[in-house]
Amino acid sequence: MASIPPSRRHFLALSGLTALSVSLASACGGGSGAGPAADGKVAFAWWNIATTEPGKSLFPQISSAFTAAHPNVTIKTTSLENEAFKSKLTATTSSGKLPDVFQTWGGGVLRQQIDAGLVEDLTEVLGWSSRLTPVALQAYQFEDRTYAVPYDVGMVGFWYNKKLFAQAGITAPPATWAELLEDVKKLKAAGVTPIALAGKEKWPGHYYWAYLAMRVAGLPALREAATTKDFTGPGFVRAGSHLKELVDLEPFQTGFLGAGYATPGGQAATMGNGKAAMELMGQWGPSVQKDAGADLGADLGFFPFPAVDGGVGRVTDVFGGGGGFALRKGAPKEALEFLKFFVLDNESKLLASNGYLPVVKGAESQLTDPNRKVVADSLVNATGFQLFLDQAYPPAVGQEVNDSVADLIAGKKTPEQVTTSITEAAKGA
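As the structure is a prediction and not an experimental result, all values here were calculated from the model.

**Considering the pattern of salt bridges**
For the coordinates displayed, the defined rule picks out 14 salt bridges. A salt bridge links Lys86 to Glu83, with the shortest nitrogen-to-oxygen separation between them at 3.6 Å. Within this pair, Lys86 and its partner Glu83 are both found in helix α4 (residues 82-94), separated by 3 residues, close to a single helical turn. Overall, the relative accessible area of 24% leaves Glu83 in the partly exposed class. For the salt bridge of Arg145 with Glu124, the shortest nitrogen-to-oxygen distance reads 3.2 Å. Taken together, the residues Arg145 in strand β5 (residues 145-146) and Glu124 in the loop between α5 (107-115) and α6 (134-137) connect sequence positions 21 residues apart.

**A closer look at the packing of helix α11 (residues 234-248) against helix α18 (residues 395-409)**
The contact between α11 and α18 brings their axes to 9 Å, and the two run at 45°. Between α11 and α18, the crossing angle belongs to the class labelled oblique. Contacts from Gly240, Leu243, Lys244 and Val247 in α11 reach Val405, Leu408 and Ile409 in α18. Among the residues making up the contact of α11 with α18, the classes are represented as 5 nonpolar, 1 polar and 1 charged.

**Let's talk about helix α14 (residues 333-345)**
Here α14 is 13 residues long and its end C-alpha atoms lie 17 Å apart, about the 18 Å a rise of 1.5 Å per residue gives. Residues of α14 that are buried: Glu334, Ala335, Leu336, Phe338, Leu339, Phe341, Phe342, Val343 and Leu344.

**Here's the deal with the environment of Thr193**
Counting through the fold element by element, Thr193 comes out in the loop between α8 (177-189) and α9 (203-216). Residues within four places of Thr193 in sequence aside, it is in contact with Pro251, Phe252, Gln253, Lys275, Ala276 and Ala277.

About the thresholds
Residues numbered from 1 in each chain as written. Predicted model: local features only at pLDDT ≥ 70, side-chain atom pairs only at ≥ 80, totals over all residues. Heavy atoms only, no water. Salt bridge = Lys/Arg side-chain N within 4 Å of Asp/Glu carboxyl O. Helix = DSSP H or I, 4+ residues; strand = E, 2+ residues; numbered from the N terminus. Buried < 20%, exposed > 50% of the residue type's maximum accessible area, 1.4 Å probe, protein only. Axes fitted to C-alpha atoms, helices over the stretch in contact; angles between N-to-C directions. Parallel < 35°, antiparallel > 145°, perpendicular 65-115°, else oblique. Contact = heavy atoms within 4.5 Å. Nonpolar A, V, L, I, M, F, W, Y, C, P; charged D, E, K, R; others polar. Expected span 1.5 Å × (residues − 1).

Put into structure tokens, the structure is as follows:
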């Protein structure tokens, strides 16, 4: 993401303190609010990433229900695929503008937008935040201030096809990285493609390196590297070496380097259509498999990323994140009312769609799908949590993680070169 010069950042921060903050203050009864036209009509822009089911159908339903109850409000929705969304948001952020309501994963990307004075601080107007789970809010909080509202939270893990595992004589999911590599060999020997991967989109590949870094070097090492801007330590090199062990087994589907994630014939479709035994993906995995390919039903299982022999990281430390919505400085108060409606009034619909995990306290009791229960339980019992690296770190660093890991998977970089490139990006960020 292009950085905003300090002078512009200072100007944006100052200019964001007038009518911009007043508009949301009126959501709590203080002030007249900016944004509404003379006739009382309000329009706001909402950017999201709901291009696959269930969000593709559910999000417009929620929007329509809100405008039906608020006839003076018009919501101008833009739904973009993950990477297209990031590119467009990067461009608009660089110009000093953001849509009224926009998808965010929190972390370093959101922090940069906050530092530029572009994002509304919701702390004082989010009186209902106590109804949300702390882990769901974590990625959107900085210095005890809250800047976004979560609607989904979860973790990355391996979704696997029980039928294909049985076909290869595998009786239980692997508990260690060494066992995973052996299972890959067994699957290949049985004529089964072990793993589906969207090599073209890069972000799915970074999950492997991130988890391996967590298991080998540990969460404290990742956090220290973010501070020191040095990722060249032996634990990070070993993470890349372990990933290379997997890559050298050629575990991915034919043409994976050109494959998208939710596209026809991409990672999710390959998994959903039973043409690969595993994919490393977040809690949304099954719904996208179904949307892009088919529903594996009872054949689908889930297991956490395995331990790595000799590593200092805990297998109960989880990697992942969720989805949230932030507001630009000056968004009309109705935008915040929409977020409250979206999350609190529609939590049951979000959970019933099987595409999202609970962010409202106690809502986990509504889960019926066994795999989603496993994910929810893993989150509840997690000993540590790491946000997606391409979101946790500043944009330039996150992009370099994605790019360098993609190069390692494609055989274009060594494990050492990956850590050097990420370090260079961190020092220049």
